[in-house]
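# Coordinate inspection notes
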Amino acid sequence: MGIANQMAFKSDRLSEKDRRRVAEFVTHCSGIQLPDSKQSLIESRLRKRQRTLGFSSLSDYVRYVFTSREGCNERIHLLDALTTNKTDFYRESNHFEFLRHYLEHAIRNHRVWPSTEPFRVWSAGCSTGEEPYTLAIELSEFQYRFPQFNFDILATDISVSSLETAFNGIYTMERANPIPELLRKRYLYRSKERSRNLVAMSEQLRRCIHFAEFNLLSNNYAHLSCFDIIFCRNVMIYFSNQDRANITRRFHHRLKPEGMLIVGHSESLVGNQELYQRLQPTIYQKK
Ligand SMILES: C[S@@+](CC[C@H](N)C(=O)[O-])C[C@H]1O[C@@H](n2cnc3c(N)ncnc32)[C@H](O)[C@@H]1O
């Protein structure tokens, strides 16, 4: 794009009315709060969609999304553009250390895994898949040592494009760097086209994870099974206190007795303290 065009795009701002319309829609659908201070972020992310669809201004794009019949299908892309998907393999790695100790402790106490029920983990807000694949690597390692251990992972997100990346399980080598070398050798494959520097998650890992679209604000929790651990990290940070409290209460119903809820490093439980015991900062056990 020429410099003149770029300048024109940058000077094209969202009106207050359009900003509010976008923010209200996003909060209504996903719980994500977009206060006034996020105006530039909203504009820069929507500009990409505006350009892709060929609209000459942001307001034309917003009008298309909210007032035309065809625009309805674009709403999912608008939502996608405004969710923050930052994630990493082994992000906040002390949570995976905790998981290792927790499993060691459980297996030593019971000598064999206590039931034929698989150990169930839910990665709620899994983004592009780095979190559930990290879990799959850790749990596969444990299964390697204790073959009677059986597990499955549910990985959900509201963002369809993130889920597509997660499902494909293909990443750049740089993204895979936080995975220890030995584990990379065991569970990842280099892409055949060496020049593209891509790695693919092994079939073994992909088989352990069930990916699904799920809106944490919805009321559809009842059809989910019960979990030993729920990872919901760096998701609720964008929600109102009321939404956080509702979601952690629903998680409580979906945890097995003494199940764990793990949240992100900058998060804590709001309300519902009576439902959980805090074991460590960001790690809670169902009472
Ligand atoms: C910052 S990422 C966190 C990814 C991962 N849990 C981690 O900590 O690395 C937040 C994810 O939450 C998802 N999300 C936001 N609102 C959601 C909602 N209402 N229901 C389900 N997922 C949501 C976003 O699409 C995004 O992928």
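Structure: above.
A quick note: this is a predicted structure, and the numbers were derived from the prediction, not measured.

Here we come to the overall build of the protein chain. Helix and strand counts for the protein chain stand at 12 helices and 10 strands. Relative to its length of 287 residues, the protein chain is compact, with a C-alpha radius of gyration of 21 Å against a globular reference of 19 Å. Taking the principal axes of the C-alpha coordinates as reference, the protein chain spans close to 70 × 50 × 30 Å. Per-residue burial over the protein chain gives 51% buried out of 287 residues. Expressed as a percentage of contacts within the protein chain between residues at least 6 apart in sequence, the contacts between residues at least 24 apart total 70%. Summed over its atoms, the accessible surface of the protein chain is roughly 14,800 Å², and 50% of this surface lies on carbon and sulfur atoms.

Not every one of the 21 residues close to the ligand is listed here, only the nearest: Ser30, Thr87, Gly125, Asp157 and Asn234. Between the ligand and the protein, one listed contact pairs an oxygen atom with a side-chain N or O atom of Asn85 at 3.0 Å. Notes on the ligand: free accessible area 600 Å², of which the protein chains cover 99%. Grouping the amino acids of the shell around the ligand by side-chain chemistry returns six nonpolar, 10 polar and five charged.

We now examine the nonpolar core. Of all hydrophobic cores here, the largest spans 41 residues; its most connected members are Leu78, Trp122, Leu216, Phe251 and Leu261. Only α2 (16-30), α3 (39-53), α4 (58-67), α5 (75-82), β1 (119-124), β7 (227-232), α12 (241-253) and β8 (255-263) provide two or more residues apiece to this core. In contact with Trp122, not counting residues within four places along its chain, are Leu154, Thr156, Phe214, Leu216, Tyr221, Leu224, Phe227, Ile229, Ile230, Phe231 and Phe251.

If you walk through the whole model with that rule in mind, you get 21 salt bridges. The shortest N-O distance in the salt bridge between Arg100 and Glu138 comes to 2.7 Å. Here Glu138 lies in helix α7 (residues 130-145) and Arg100 lies in helix α6 (residues 94-110), a separation of 38 residues in the sequence. Owing to a relative accessible area of 37%, Arg100 belongs among the partly exposed residues under this scheme. For Glu138, a relative accessible area of 9% gives the class buried.

The subject of this paragraph is the pairing of strand β2 (residues 151-157). The buried count for β2 comes to six of seven residues, which makes it a mostly enclosed element. In this structure, β1 lies alongside β2, joined through six bridges in parallel fashion. Its bridge partner being in β2, Phe119 is matched across the sheet by Phe151. Between the parallel pair β1 and β2, the chain is carried across by α7, and the sense of this crossover is right-handed. Sheet analysis places β2 next to strand β6 (residues 209-213), joined by five bridges and oriented parallel. Of the residues in β6, the one forming a bridge with Ala155 is Phe211.

Let us look at the sheet that holds strand β9 (residues 276-280). The seven strands lie next to each other as β6-β2-β1-β7-β8-β10-β9, forming an open sheet whose pairing is mixed. Of all the strands in the sheet, just β6 and β9 have a single pairing partner and so form its edges. With direction set aside, neighbouring strand axes in the sheet form an average angle of 20 degrees. The pairing of β1 with β7 spans three bridges and is parallel. Paired with Val121 across the bridge in β7 is Ile229. Sitting on the sheet, α6 touches β1, β7, β8, β9 and β10 (283-286), and the angle it makes with β8 is about 160 degrees. Relative to β2, α7 is tilted by about 175 degrees, and along the sheet it contacts β1, β2, β6 and β7.

With 15 residues, α3 ought to run about 21 Å at 1.5 Å a step, and its terminal C-alpha atoms sit 21 Å apart, in line with that. Of all the positions in α3, only Gln39, Ile42, Glu43, Leu46, Arg47, Arg49 and Gln50 are classed as buried. Taken from the residues just after α3, Gly54 is the one with a positive phi, measuring 80 degrees.

The next point concerns the state of the cysteines. Here a disulfide denotes a covalent bond joining the sulfur atom of one cysteine to the sulfur atom of another. Throughout the structure, instances matching the rule amount to zero disulfides. Of all cysteine sulfurs in the structure, the one in Cys232 sits closest to Cys126, which takes part in no disulfide; the separation is 11 Å. Its sulfur unpaired, Cys208 is 15 Å from the next cysteine sulfur, which belongs to Cys126. Here Cys208 falls in the buried class, since its relative accessible area comes to 15%.

Another point: the sheet that holds strand β4 (residues 188-190). Across the sheet, which stays open at both edges, the three strands sit in the order β3-β5-β4 with antiparallel pairing between neighbours. Either end of the sheet is taken by a strand with one partner, and the two such strands are β3 (170-172) and β4. Sheet twist, expressed as the mean angle between neighbouring strand axes with direction ignored, is 35 degrees.

What counts and how
Residues numbered from 1 in each chain as written. Predicted model: local features only at pLDDT ≥ 70, side-chain atom pairs only at ≥ 80, totals over all residues. Heavy atoms only, no water. Helix = DSSP H or I, 4+ residues; strand = E, 2+ residues; numbered from the N terminus. Rg over C-alpha atoms; globule rule 2.2 N^0.38 Å. Buried < 20%, exposed > 50% of the residue type's maximum accessible area, 1.4 Å probe, protein only. Contact = heavy atoms within 4.5 Å. Areas by Shrake-Rupley, 256 points an atom, 1.4 Å probe, with all protein chains shown as cover. Near = heavy atom within 4 Å. Polar contact = N/O pair within 3.5 Å; in protein donor to acceptor, adjacent residues only side chain to side chain. Nonpolar A, V, L, I, M, F, W, Y, C, P; charged D, E, K, R; others polar. Core = buried A, V, L, I, M, F, W, Y, C linked by side-chain atoms within 4.5 Å. Salt bridge = Lys/Arg side-chain N within 4 Å of Asp/Glu carboxyl O. Pairing = 2+ DSSP bridges. Right-handed = clockwise from strand over helix to strand, strands pointing away. Axes fitted to C-alpha atoms, helices over the stretch in contact; angles between N-to-C directions. Expected span 1.5 Å × (residues − 1). Disulfide = S-S within 2.5 Å.

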